[in-house]
Structure formats: C-alpha cells, structure tokens
Amino acid sequence: MPPDSLEDIESQLGADWPHLRAARQLSKDKLLQISEAVEHFDSEDTSIVVMGSLARAEFTDGSDIDWYLLIDGWADKAHRDVLRNVGEAIRPFSSKPVGREGTFGDMVFSHSLIHDIGGDVDTNLNTTRRLLLLLESRAVGRPDAWRRVVRGVLDRYIAEDRGLWRGSGPKLPHFLVNDLSRLWRTMAVDFAYKLNRRGGQGAALRNIKLRMSRKLIYISGLLACYDCHLGFTQAERSARYSSSSLKGVVVEFLEERFAKPPLDVVAGVLLRYPHLYNAARQLLESYDEFVGILADDEKRQHMERLAEDQMDTDPIFQRARQLSHAFRDALTEVFFDQQSGLGDLTKGGIF
Amino acid sequence: MRPVGFSTGALALADFRSALRMLDGKPVDAVELSALRQAELLPLLSAVPSLPLQRFSHVSIHLPSQFDPGWEAGIERHLHPVLERGWPLVLHPDAISDFGLWRELGAAVCIENMDKRKPLGRSVRELAPIFDRLPEATFCFDIGHARQYDPTMNEAWLLLRAFGPRLAQLHVSEVNTRSRHDVLSFTSILAFQSVAEMVPEDVPLIVESPVGEAMIEREISRVREALPLGFKPLPPPPCNWHDRSALAV
C-alpha cells in the first residue's frame, strides 16, 4: 500500500503534530475500554455506534461520547433494555451527557437511514445520522449491523447515481456529493439555530468546531468522492465505470475510504501531490493546534463559558479563529488546485 | 437449462431416503445428500451404494456443521468411498479444526460461505484465508447467506468475482432475519437476479428452501426465475482496483 495516513504525511513533511498523536492514542485507548464495557450488549443485528471526536480519532479528555444503538433486524422490546445498559456502561467515559438534539443516545433503525434519502421523510435528524454514519462513525463491539447499513446507504448513493454510470463527465458520485454539501449547510444553519435557541450559550466552542472539525468531515467526504475519479487513470476509469453491474467495486472503494478517520482520508489525497505539501502542512498544523486547545481543559472550559459578546476580543477565541482561517485558506488552495485536477472537480462537483 | 435439484435436508431433514422419494418424477437433475449432524454422516455414507442416484447428473454431500476433533482426525477413512465418486463435499469453514486433514482431500472439499450469525466465512475477506489454506478447494456459493449478510448483494458480487473460478454449486433459498431457510420471496428473487449473470449456466443450483412435496415444482420455478440463463463472464480487472501508487502528479 502507498503511504496514506496522517502518520505517513507527518513523517513525509518532517512535521510534529503532538496533539493529534495524543488524541489518536487516547481515542484508541478509550475505544478499547468502551468495547470491554459494552461487551455482550450487541449482536449480529445491533451495533453500538460511536460518532464525533472518538470516531474521528480526535478524542480529548473534555470530549463527550456521542453514540447510538443501530438496529438492522427484527423489532425486539428488549432493545430498550440494551439501550439503557449501554448508556450506563458508556456514561463513566464521557465528560458530559449526549447532545440535546436527539441525534445520539437513542435507537436508530436501518430502514429510515437507507430508504429515506431526500423528500419530506428525510428529516434533518435522519440526514445528519445517515451522513455522520459514513463520515465519522465506528462500531464498538460487533460491527455486523453497522457494516451492513453503511453498505446499504452507499449502495443507494452509488447504484442510483445516473451520471456515474451514464454521464460523460468526471466520475464523481454527485448524489453523494450533493448530500454531503446539504449536510455541511445544515450544520452551518443549525449553528445559527442553536445560537437563537440557546441565547449564545456555548457559541464560541460550537463556532470553532464548525469551522474546524465539522468542516473537516465535510471535506474528507468530498475528497473520498473525488478519489473515485482522481484515484484512477483514464483507462482504469473506463473499466470501473463501464457498467452499473460493477457498483460493488465502487461501494467497496468508498467503504474503505470512509472506514478511515477523516484526517487519514485527507492525508491520503495530499500525499500524492508534492506541490500541495505547503498547503498540507498549514492545514494539518492548524488542526493540530485546534485539537491542542480542545485538549487543554482550561481553554476548553473558557471557550464553553465565553459570552457571545466577548468573542471578538477574547484572545483564546481569536487564536482559534486565526487557526480556522489558516485551515480555510489551505483548503481553498487544495480544493481549487488545477495541477492535481482537484480544482476542476470542485468547479464541476460543487457548482 | 441450469441443473437444479434439492438438498435432502430441506425436504426431510436427516431422512434422505424419504427426500429422494419426494423427488421422484420431479424435474430435477441434481441432489445434495445432507448430513448436518455428525451422527448422520456414517449412516448416509454407508447407504450411498444402495441409493437411487442414477438419474442425477450432479450429486454432492453436505458434511456435518460440527465435528468432534477426534472424529475429524479419521475423516478421510470415512469419506474414502465417496471420494472415488468425485462428488463435492460441502463443508462449513467454521467446522474445520485441522486444515491439513482437509487439504489432503484436494478439490473434493467444497467450502460454503456462511450466514451472518457465523464469526467467519461470510465475506471475501473472511473466506480468502480459508482458500489460502485449502488451495484446491472448490466453492459452494450460498446466495441466500450472501444476501442475508449483505442485502445490497455487493458482497455476493465480490464473492463471485473472487471465487467464481472455484464455483462447484449454489445453495439457493431465502435466509430470513432469524437465519432460517425459507421459500424465495419477491425481494430475494430480485436480489438474486442482480448477480445471476455471474453464475455459469452449467453450475448446479441446489435448493434449500424447506418445502413439502407439493411445493417442489413451484419452488424450482421460482429458483429458475431468480437465476435465469445469460452468463456473462467478467472481464479481468485492468489493474489492481485499489493501486493508486502510480498516480502522483
């Protein structure tokens, strides 16, 4: 395998990202502990799925644990008992309870995730759960149901993408790209919604997370999709996309991409383009420092408590904001780069 | 026409003689003699010379799903009489304790992909190391298991792509959420049709749907609808599908 991980690009660039390394190690340890704590609560039809920083391998001591019980099988009233037991088993590992929006800490059923893509039935909650399942989820314990549902969702995006199989343009899964863009805009709009509903409470931290970790999962999803085109030569693309009966190959390819932490997806693409190494360094250095702020209890709590009207003058928030600008500028350079072909896909895929 | 037949276990559990009688006069040209429990195998093997099997162009034996280790050690001695007949011996990968014993049996061993309950043998990733250790073994593709493991049928496609050249027979039935074999439903027929063109037309279809005698012909008709003729071999991949090392700008 060619080098394609965060560790590979750190080594390639001679860089040092201690906060990312520490967060990876802590995530690994925490996942192991949680797996042991929830052992026997899962089955071939149910997976305990974690999302957020833990799934992204960016866990810090102040992180909460977002999780749900994914059910892909018969309805069983005992699932409620499983949910309660898993909640109790996970609680000691989390710094605070699961979020207020009902996205986590509940039962989630495969049917709505797979069937309800688009239309009135595809609620904000369903869209968010479905796409976070692809972008930042891991099963702790038995992964059977999680794997099936990830594949079921990807299969819909790929099998029903007419342009992918019949179009003459870039081999980009537009159905999925469009839904990723919808999620990104939904997260941005929901930031304003929460600002309105919560009167500015926690706005500083949410703002920085939107600019950094939320944006990261969006762009990692885009890059995974871009790789469907850029990852292959013209001759290979002609063979891969010659018939929709080959959809299994594309689904499997994306499964492998989405099984990695988002930073690894980004690293895998950037490693291929030496002329983008400066942008890669800026992107990942800023992200490392952002994770460092989250890992610093004092700074994190300060940001959590920071009043909205103090954000413009607060030095910690302003530093985090500068990081988000560096992150954004690096992304702009990467996503509009012509030499790699990324720029053409951004123009064709997003607009 | 694809060769089609039934598993005796689907028709009459361990009572293979009754199952064969149920097939009398039915449009079948293949049969699988089923001994899913260890205690059922020796009576079946000793009965083989006296069974009315002449009408079948394809006969296979489904071996027990579990063996006592001591019993497994003497397996070649037990199977010797049927080895000479060249029949596929269908084996669950999780029934194997000693790979060396089974490797000795070469192409007679026919490895079946498993349903979602099993810890191994369900996917290409899980079966590849099994075939690495049994390089001559053939493949019994249980299309119902593959669909239960992955309802999108992508894993079925991947299994056929990876192990198609080893394909000796199919097991065909619906496998429900409780991992029980069932008659084919509309949805399973649609799912099976999506990979039908990857199954060569001479590969026998062994039906595992549990039906009474009166339903045998109807189920065969459903199986033929699910797996119509029209084999299209896949072209060889132009490269390693995942090799991106040559793409750096």
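Residues numbered from 1 in each chain as written. Chains lettered and ligands numbered in written order. Predicted model: local features only at pLDDT ≥ 70, side-chain atom pairs only at ≥ 80, totals over all residues.

This part covers the overall build of chain B. The helix and strand inventory of chain B stands at 11 helices and 10 strands. The C-alpha atoms of chain B give 18 Å as radius of gyration, which agrees with the globular expectation for 249 residues (18 Å, within 12%). Looking at chain B as a whole, 44% of its 249 residues qualify as buried. (Helix = DSSP H or I, 4+ residues; strand = E, 2+ residues; numbered from the N terminus. Rg over C-alpha atoms; globule rule 2.2 N^0.38 Å. Buried ≥ 20, exposed ≤ 12 C-beta atoms within 10 Å, placed from the backbone.)

Time to look at the overall build of chain A. Within chain A one finds 17 helices and four strands. Its C-alpha atoms give chain A a radius of gyration of 20 Å, within 12% of the compact-globule value 20 Å for 351 residues. Reported as C-alpha extents along the three principal axes, the dimensions of chain A are approximately 55 × 50 × 40 Å. In chain A, once contacts between residues fewer than 6 apart in sequence are set aside, the share between residues at least 24 apart is 76%. (Contact = placed C-beta atoms within 7 Å.)

Right, let's talk about helix H10 (residues 186–193) of chain B for a bit. Residue and element names in this part refer to chain B. Within H10, the full set of buried residues consists of Ser-188, Ala-191 and Phe-192. End-on, the buried residues of H10 take up no more than an arc of 95 degrees, which puts them together on one face. Those residues of H10 that are exposed and angled more than 90 degrees off the buried face are Phe-186 and Leu-190. (Arc of directions from axis to C-beta.)

All names here are of chain B. Within chain B, residue pLDDT values average 91, and 94% of them lie at 70 or more. Here residues 238–249 is modelled with pLDDT under 50, and outside its nearest four sequence neighbours on either side it reaches 17 contacts, counting other chains as well. This complex was scored by the predictor with a pTM of 0.86 and an ipTM of 0.72. (pLDDT = per-residue confidence, 0-100.)

Moving on, we come to the environment of Asp-94 of chain B. Residues and elements named next belong to chain B. Assignment of secondary structure puts Asp-94 in the loop between strand E4 (89–91) and helix H6 (99–103). Judged by C-beta crowding, with 14 C-beta atoms within 10 Å, Asp-94 ranks as partly exposed. Residues Asp-94 and Ile-75, 19 residues apart in the sequence, show an inter-C-alpha distance of 16 Å. What Asp-94 contacts, discounting residues up to four positions off in sequence, is Met-114, Lys-118, Leu-120 and Gly-121.

Positive phi outside glycine occurs at His-40 of chain A, with the angle close to 80 degrees. As for its position among the elements, His-40 of chain A is in the loop between helix H2 (18–37) and strand E1 (46–50).

For the rest of this paragraph, the subject is the pairing of strand E6 (residues 138–142) of chain B. Two faces, one strand: in a regular strand the side chains alternate between the faces of the sheet. All names here are of chain B. Burial of E6 is extensive: five of the five residues sit out of reach of the surface. With burial as the criterion, each face of E6 is covered, one bearing Thr-138, Cys-140 and Asp-142 and the other bearing Phe-139 and Phe-141. Direction of pairing for strand E5 (residues 109–112) relative to E6: parallel, over a ladder of three bridges. In the sheet register, Cys-110 faces E6, and the bridge partner there is Thr-138. Once you follow E5 into helix H7 (residues 124–133) and on to E6, the crossover reads as right-handed. (Pairing = 2+ DSSP bridges. Right-handed = clockwise from strand over helix to strand, strands pointing away.)

Further remarks concern the sheet that holds strand E10 (residues 205–207) of chain B. All names here are of chain B. Ordered in space as E1-E2-E3-E4-E5-E6-E7-E10, the eight strands form a closed barrel in which the pairing is parallel. Each strand axis lies, on average, 30 degrees off the axis of its neighbour in the sheet, ignoring direction. Relative to strand E2 (residues 30–34), strand E1 (residues 4–7) is paired through three bridges, and the arrangement is parallel. For Gly-5, the partnering residue across the bridge sits in E2 and is Ala-30. (Axes fitted to C-alpha atoms, helices over the stretch in contact; angles between N-to-C directions.)

What follows is about the environment of Ser-213 of chain A. As for its position among the elements, Ser-213 of chain A is in helix H10 (residues 203–230). A sequence separation of 157 residues divides Ser-213 of chain A from Arg-56 of chain A, and the C-alpha atoms of the two residues are 9.2 Å apart.

Once that is clear, we can look at the sheet that holds strand E4 (residues 138–140) of chain A. Residues and elements named next belong to chain A. Spatially, the four strands line up as an open sheet ordered E3-E2-E1-E4, and their pairing is mixed. Two strands in the sheet have a free side with no partner beyond their single neighbour: strand E3 (107–109) and E4. Neighbour-to-neighbour, the strand axes of this sheet turn through a mean angle of 40 degrees, independent of strand direction. For E1 and E4, the ladder comprises three bridges, and the chain directions are antiparallel. Across the sheet, Val-50 pairs through a bridge with Arg-138, a residue of E4. Of the strands in this sheet, E1, strand E2 (67–71) and E4 are in contact with helix H7 (residues 144–159), which crosses E1 at around 75 degrees.

Here we take up the packing of H10 of chain A against helix H16 (residues 315–335) of chain A. Residues and elements named next belong to chain A. Orientation of H10 relative to H16, taken along the N-to-C sense of each, is 20 degrees, at an axis distance of 10 Å. As far as their axial angle goes, H16 and H10 are roughly parallel. Crossing geometry of H10 relative to H16 is assigned as left-handed. Residues Ala-204, Ile-208, Arg-211, Met-212 and Ile-219 of H10 touch H16, and the partners they reach there are Phe-317, Ala-320, Ser-324, Phe-327 and Leu-331. Each residue belonging to the contact of H10 with H16 can be placed in one class, and the counts come to eight nonpolar, one polar and one charged. (Parallel < 35°, antiparallel > 145°, perpendicular 65-115°, else oblique. Left-handed = near helix turned anticlockwise from the far one by under 90°. Nonpolar A, V, L, I, M, F, W, Y, C, P; charged D, E, K, R; others polar.)

Another aspect to go through is the packing of H10 of chain A against helix H12 (residues 247–258) of chain A. Packed helix pairs are specified by the crossing angle of their axes together with the interaxial distance, meaning the distance between the axes. Residues and elements named next belong to chain A. Contact geometry of H10 with H12 gives a least axis separation of 10 Å together with a crossing angle of 140 degrees. Here H12 runs oblique to H10, going by the angle between their axes. Seen along the crossing, H10 lies across H12 with a hand that is right-handed. Residues Ala-224, Asp-227 and Cys-228 of H10 pack against Val-250, Phe-253, Leu-254, Arg-257 and Phe-258 of H12. When the residues that make up the contact of H10 with H12 are grouped by side-chain class, the tally is six nonpolar, no polar and two charged.

Residues and elements named next belong to chain B. Neither face of E5 is exposed, since Val-109 and Ile-111 on one face and Cys-110 and Glu-112 on the opposite face are all buried. As paired elements, E4 and E5 share three bridges and run parallel to each other. Across the sheet, residue Leu-89 finds its bridge partner in E5, namely Val-109.

Right, let's get into the confidence of the model for chain A. Taken as a whole, chain A shows an average pLDDT of 93; of its residues, 98% reach a score of 70 or greater. When mean pLDDT is compared element by element in chain A, helix H14 (residues 277–295) of chain A scores highest at 98, while helix H17 (residues 342–350) of chain A scores lowest at 88.

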